[in-house]
Protein chains: 2
Amino acid sequence: MATILDGKKTSNIIKEEIKNRVNRLIQDGKRPPHLAAVLVGEDGASLIYVSNKVISCEQVGFKSSLIRLPYETGEKELLSTIKKLNDNKEIDGFIIQLPLPKHMDETKILLKINSNKDVDGFHPENFGRMALNMETFIPATPFGITEILERYNIDLSGKHAVVIGRSNIVGRPISMLLSRKAKVGNATVTVIHSRTKNIESFTRTADIVISALGVPGFLKGNMVKNGVIVVDVGITRVKDSSRLKGYIIKGDVDFDSVSKKASYITPVPGGVGPMTIASLLLNTFKAYEKNRSSK
Amino acid sequence: MATILDGKKTSNIIKEEIKNRVNRLIQDGKRPPHLAAVLVGEDGASLIYVSNKVISCEQVGFKSSLIRLPYETGEKELLSTIKKLNDNKEIDGFIIQLPLPKHMDETKILLKINSNKDVDGFHPENFGRMALNMETFIPATPFGITEILERYNIDLSGKHAVVIGRSNIVGRPISMLLSRKAKVGNATVTVIHSRTKNIESFTRTADIVISALGVPGFLKGNMVKNGVIVVDVGITRVKDSSRLKGYIIKGDVDFDSVSKKASYITPVPGGVGPMTIASLLLNTFKAYEKNRSSK
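Everything numeric in this text was worked out from a predicted model, so none of it was measured. (Residues numbered from 1 in each chain as written. Chains lettered and ligands numbered in written order. Predicted model: local features only at pLDDT ≥ 70, side-chain atom pairs only at ≥ 80, totals over all residues.)

1. Here's the deal with the nonpolar core
In this structure, Ile210 of chain A together with Ile210 of chain B are the most contacted members of the largest nonpolar core, which totals 164 residues. The contacts of isoleucine 210 of chain A, once residues within four sequence positions are left out, are Ile145, Ala161, Val163, Ile164, Ile174, Val231 and Val233 of chain A. (Core = buried A, V, L, I, M, F, W, Y, C linked by C-beta atoms within 7 Å. Buried ≥ 20, exposed ≤ 12 C-beta atoms within 10 Å, placed from the backbone. Contact = placed C-beta atoms within 7 Å.)

2. Regarding the interface of chain B and chain A
How big an interface is tends to be reported as the loss of accessible area on association of its parts. Contacts between chain B and chain A engage 25 residues on the former and 25 residues on the latter. At the level of elements, helix H5 (124-131), helix H7 (171-179) and strand E6 (188-192) of chain B are the ones that each hand at least two residues to the side of chain B that touches chain A. With seven residues, H5 of chain B is the single largest residue contributor to the side of chain B that touches chain A. For the side of chain B that touches chain A, the per-class residue count stands at eight nonpolar, 11 polar and six charged. Bridge count between strand E6 (residues 188-192) of chain A and E6 of chain B: three bridges; the pairing is antiparallel. Residue pairing for E6 of chain B: valine 189 of chain A is matched across the bridge by valine 191 of chain B. (Helix = DSSP H or I, 4+ residues; strand = E, 2+ residues; numbered from the N terminus. Nonpolar A, V, L, I, M, F, W, Y, C, P; charged D, E, K, R; others polar. Pairing = 2+ DSSP bridges.)

3. Examining helix H2 (residues 44-60) of chain B
Residue and element names in this part refer to chain B. Taking 1.5 Å of rise per residue, 17 residues should cover 24 Å, and H2 covers 25 Å from first to last C-alpha, within 8% of that figure. Residues of H2 that are buried: Tyr49, Val50, Lys53, Ser56, Cys57 and Val60. The buried residues of H2 occupy one face: seen down the axis, they fall within an arc of 120°. Opposite its buried face, H2 presents the exposed residues Gly44, Ile48, Ile55 and Glu58, each directed more than 90 degrees away. Of the surrounding elements, those touching the buried residues of H2 are helix H1 (7-27), strand E2 (34-40), strand E3 (63-69) and helix H10 (272-293). Where H2 ends, the next residue or the one after it, glycine 61, has phi of about 90°, a positive value. (Expected span 1.5 Å × (residues − 1). Arc of directions from axis to C-beta.)

4. Focus on the confidence of the model for chain A
Looking at chain A, pLDDT values average 96 and 99% of them are 70 or higher. For this predicted complex, the interface confidence score (ipTM) comes to 0.94, while the overall pTM stands at 0.96. (pLDDT = per-residue confidence, 0-100.)

5. Thoughts on the relation of the copies chain B and chain A
With an RMSD of 0.0 Å, the fit of chain B onto chain A corresponds to turning through 180° and sliding 0.0 Å along the axis. Put plainly, the chains are arranged around a two-fold axis. A shared binding surface is used by both copies, with 100% of the interface residues of chain B retained as interface residues in chain A. (Least-squares fit on C-alpha atoms with pLDDT ≥ 70 in both.)

6. Concerning the environment of histidine 34 of chain B
Residues and elements named next belong to chain B. By secondary structure assignment, the location of histidine 34 is in strand E2. In this structure, the C-alpha to C-alpha distance between histidine 34 and cysteine 57, residues 23 residues apart in sequence, is 8.4 Å. Beyond its immediate sequence surroundings of up to four residues, histidine 34 is in contact with Phe62, Lys63, Glu90, Ile91 and Asp92.

7. Considerations on the sheet that holds E2 of chain B
All names here are of chain B. Read across the open sheet, the three strands follow the order E3-E2-E4; overall the sheet is parallel. The outermost strands of the open sheet, each flanked by one partner alone, are E3 and strand E4 (93-96). This sheet shows a mean twist of 15° between the axes of neighbouring strands, independent of strand direction. In terms of strand pairing, E2 meets E3 through seven bridges, oriented parallel. (Axes fitted to C-alpha atoms, helices over the stretch in contact; angles between N-to-C directions.)

8. Focus on the sheet that holds E6 of chain A
Sheet architecture is open: 12 strands sit in the order E1(A)-E11(A)-E8(A)-E7(A)-E5(A)-E6(A)-E6(B)-E5(B)-E7(B)-E8(B)-E11(B)-E1(B), paired in mixed fashion. Sheet topology places strand E1 (3-4) of chain A together with strand E1 (3-4) of chain B at the edges, where each strand pairs with a single neighbour. Relative to strand E8 (residues 229-232) of chain B, strand E7 (residues 208-211) of chain B runs parallel, the two being bridged by four bridges. Counted as the bridge partner of isoleucine 208 of chain B is isoleucine 229 of chain B from E8 of chain B. Set on the sheet, helix H7 (residues 171-179) of chain A makes contact with strand E5 (160-164), E6 and strand E7 (208-211) of chain A together with E6 of chain B; between it and E6 of chain A the angle comes to about 165°.

Below is the structure:
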């Protein structure tokens, strides 16, 4: 049976570590790190994500600010909010919760975030620094994946990693991270996507599969080899009237059949999700240290 | 027999196109694009590369400036040269020929180049823009590869591309370019490198192999399948006392055995090399247009 890569437990350990670091700051008479989050509109899933981030900040002793703007907010107004956050010395890092309303140009908006406060790591300069293996903010989801693999002492060197999906948020950055010269790295990485022919010929030979496709139950036991390591990044809401919320969260991986063959596997929920939030907190702490040391 | 992907011929066509564009500028009473190159030290290979770039500028009607600094130049002095180039409105783009002397921090230096004049595309912001599929300067060698594939109408969609090498200059950027949603793109891409186990299991199943390893004659006919497309980025000097120069340039690919199985193949010399210079000229033209339109 597969060992569960327990994201909930691991993220709690990381949060405990951060909390201790914050306590030491307070004892030294310093202020705690401060994360701000901007949410535009009323999207239910986005509201839950942002709320979880705010709650996590409180858990570790960070200060947090949630700035809510109505759906109708103009680009100009959002840019002025960003400018204030860039200039505010009491705020170490901030995120603009995506997706933004359709009348806004996400790329244009993200470019305006001060790269030293860009704890989501989506600014091209930070993304480029990651690609070039320089010090930077690594986007939270891929950062969370490398962190959980590292904490379970999984050695990827020389292993064949197959990444399903080429998004800017997960597939592309995790493929770069796994192939670079680094502790959690040195893997041979293949990125597969919607245009890939014969997907199974890749997944079946993979030593590790990272699935970030967003198709519930896509990866089945007969698509992987024995001993495979599986990281499930999918979080799709599937209608389920038997639940109070009316839906359940499903990963890309058919857990029952895949876990029988895997050596390690992340569950959904309780796998990559909590690691993503822990990584955002780590990035915020890094921003705090970076901005204070540059003064 | 394989079709030769003729980089010399293709780059000459591109140069001719650029020359016509420059002529139209001159007819319109405008100044031509201007590329500057900085060479620190006396490295023979670097001097040849830079000279070829300067000569190519002349061929297409660009203005060019070569700034030579002694090997002993300090970082501070080089940074002051860069500042002057950044500020000089008559210079559209410039390159710092690599490698720099060992007493200099290349990363630190490259970060100081104005990203709008960074025609080599090595600045993290430009590299990140490439990774995020945004408008940018694409580094000349990977740009040259996509350009020759495009001009030979080679469709990569759904094909399995194996990139040998993970350098910042070639392997990493070409792997991103080939997998993105673009005309020359949509390939399934695997990056293999020094830590990869069983390299041949990847090269033998590849529809296209891009080799940027720097090991002369590494890729042999028995390592590829029939019909493979092969792009050879290797340019290693191998001693040869029968030559006037005392060396010959060798690619990564054992041309004789591989060309018998390939459908398309780039030769060395006359393949990727000339395409790299043509791409630098294209980037310089883009910088010219970009900087003039922003005034």
